[in-house]
Amino acid sequence: MKTPTRKRQLTAEETAECAALKAIYAEKKKALKLTQDELGDRLGGIGQSGVSHYLNGVNALNIEAASGFARELQVPVSAFSPRLAAEIARIAQAAPETSAPSPDATQADRTAGGRAARPRKYQGDKYEKAAPEHRQAVDELADHMLGLTPEQALKLKQAMELLMPADDTRKD
């Protein structure tokens, strides 16, 4: 039998991020009619306890969790985590320059006020093969938190592909 290990202690910065997120949640939950249980469901089924662990600094935020909280609370990631917002920006800049979204993307997808109005379709099979929650996170980061143009969103998507191992097997 494997001996349980203790979680690592969060850094002061990670603890501050969780506290800032908790304050935003406390401020917005009534207006958004959002319970921790419902928020957990919207964040991919992490449950109320998962939400509580992030808000109370038990678990450190990561890009995926931060983007989900930002989407649901309608704030940019930078409102509670400048560190993760900077990491997202670095990833987006690291993506190689490529062509525009695939021809399957509609004109509305490409030109809705300089931002995509709905999830984009991209060239490349890694994006299409990624788990739905990962594709959704990439699209939502681009659409809601960062206000990226379709070209910038494509760079972000490509950066995320670079982070995904080539032999990544998923249970879909």
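Look a little higher up for the structure.
Quick look at the structure, then. (Residues numbered from 1 in each chain as written. Predicted model: local features only at pLDDT ≥ 70, side-chain atom pairs only at ≥ 80, totals over all residues. Heavy atoms only, no water.)

Below, the discussion takes up the pattern of salt bridges. Under the counting rule described, the total for this entry stands at 5 salt bridges. Of the charged contacts, one joins Glu14 and Arg8 as a salt bridge, the two residues approaching to 2.8 Å between their closest N and O atoms. A residue is classified by how much of its surface remains accessible, and Glu14, at 9% relative accessible area, is buried. Overall, Arg8 belongs to the exposed group, its relative accessible area being 51%. The partner of Glu72 in a salt bridge is Arg42, and the shortest N-O contact between them spans 2.9 Å. Of the two residues, Glu72 sits in helix H4 (residues 63-73) while Arg42 sits in helix H2 (residues 36-42), which places them 30 residues apart along the sequence. Here Glu72 falls in the buried class, since its relative accessible area comes to 11%. On the accessibility criterion, Arg42 (37% relative accessible area) is partly exposed. Where salt bridges share partners, they join Glu38, Arg42, Arg71 and Glu72 into one cluster. (Salt bridge = Lys/Arg side-chain N within 4 Å of Asp/Glu carboxyl O. Buried < 20%, exposed > 50% of the residue type's maximum accessible area, 1.4 Å probe, protein only. Helix = DSSP H or I, 4+ residues; strand = E, 2+ residues; numbered from the N terminus.)

Along its 13 residues, helix H5 (residues 82-94) runs 18 Å from first to last C-alpha, staying within 8% of the 18 Å computed at 1.5 Å per residue. Along H5, the residues classified as buried are Leu84, Ala85, Ile88, Ile91 and Ala92. Each buried residue of H5 sits inside an arc of 120° when the element is viewed along its axis, so together they form one side. Turned more than 90 degrees away from the buried face of H5, the exposed residues are Pro82, Arg90, Gln93 and Ala94. (Expected span 1.5 Å × (residues − 1). Arc of directions from axis to C-beta.)

What follows covers unusual backbone geometry. Trans is the common state for peptide bonds, and a negative phi is the common state for residues other than glycine. Backbone geometry places Lys33, a non-glycine residue, at a positive phi of 50°. Here Lys33 is to be found in the loop between helix H1 (12-32) and H2. Phi at Gln74 takes a positive value of approximately 60°, unusual for a residue other than glycine.

Next up on the list: the packing of H1 against H4. Between H1 and H4, the shortest axis-to-axis distance is 10 Å and the interhelical angle comes to 35°. Seen from above, H1 lies across H4 with left-handed handedness. Touching Leu21, Ile24, Tyr25, Lys28 and Leu32 of H1 are Phe69, Glu72 and Leu73, all from H4. Grouping the constituent residues of the contact of H1 with H4 by class yields 6 nonpolar, no polar and 2 charged. (Axes fitted to C-alpha atoms, helices over the stretch in contact; angles between N-to-C directions. Left-handed = near helix turned anticlockwise from the far one by under 90°. Contact = heavy atoms within 4.5 Å. Nonpolar A, V, L, I, M, F, W, Y, C, P; charged D, E, K, R; others polar.)

Our next topic: H4. Within H4, 10 of the 11 residues are buried, which leaves it mostly tucked inside the rest of the structure. Three or more residues of H4 are buried, namely Ile63, Ala65, Ala66, Ser67, Gly68, Phe69, Ala70, Arg71, Glu72 and Leu73. Between the side-chain oxygen of the N-cap and the backbone nitrogen of Glu64 there are 3.1 Å, and the N-cap of H4 in question is Asn62. Residue Gln74 follows H4 closely and has a positive phi angle near 60°. (Polar contact = N/O pair within 3.5 Å; in protein donor to acceptor, adjacent residues only side chain to side chain.)

A word on the environment of Ala79. On the secondary structure map, Ala79 appears in the loop between H4 and H5. Given a relative accessible area of 40%, Ala79 falls into the partly exposed group. Measuring from C-alpha to C-alpha, the distance between Ala79 and Glu17 comes to 9.1 Å, with 62 residues separating the pair along the chain.

Any functional reading would require information that these geometric values do not contain.
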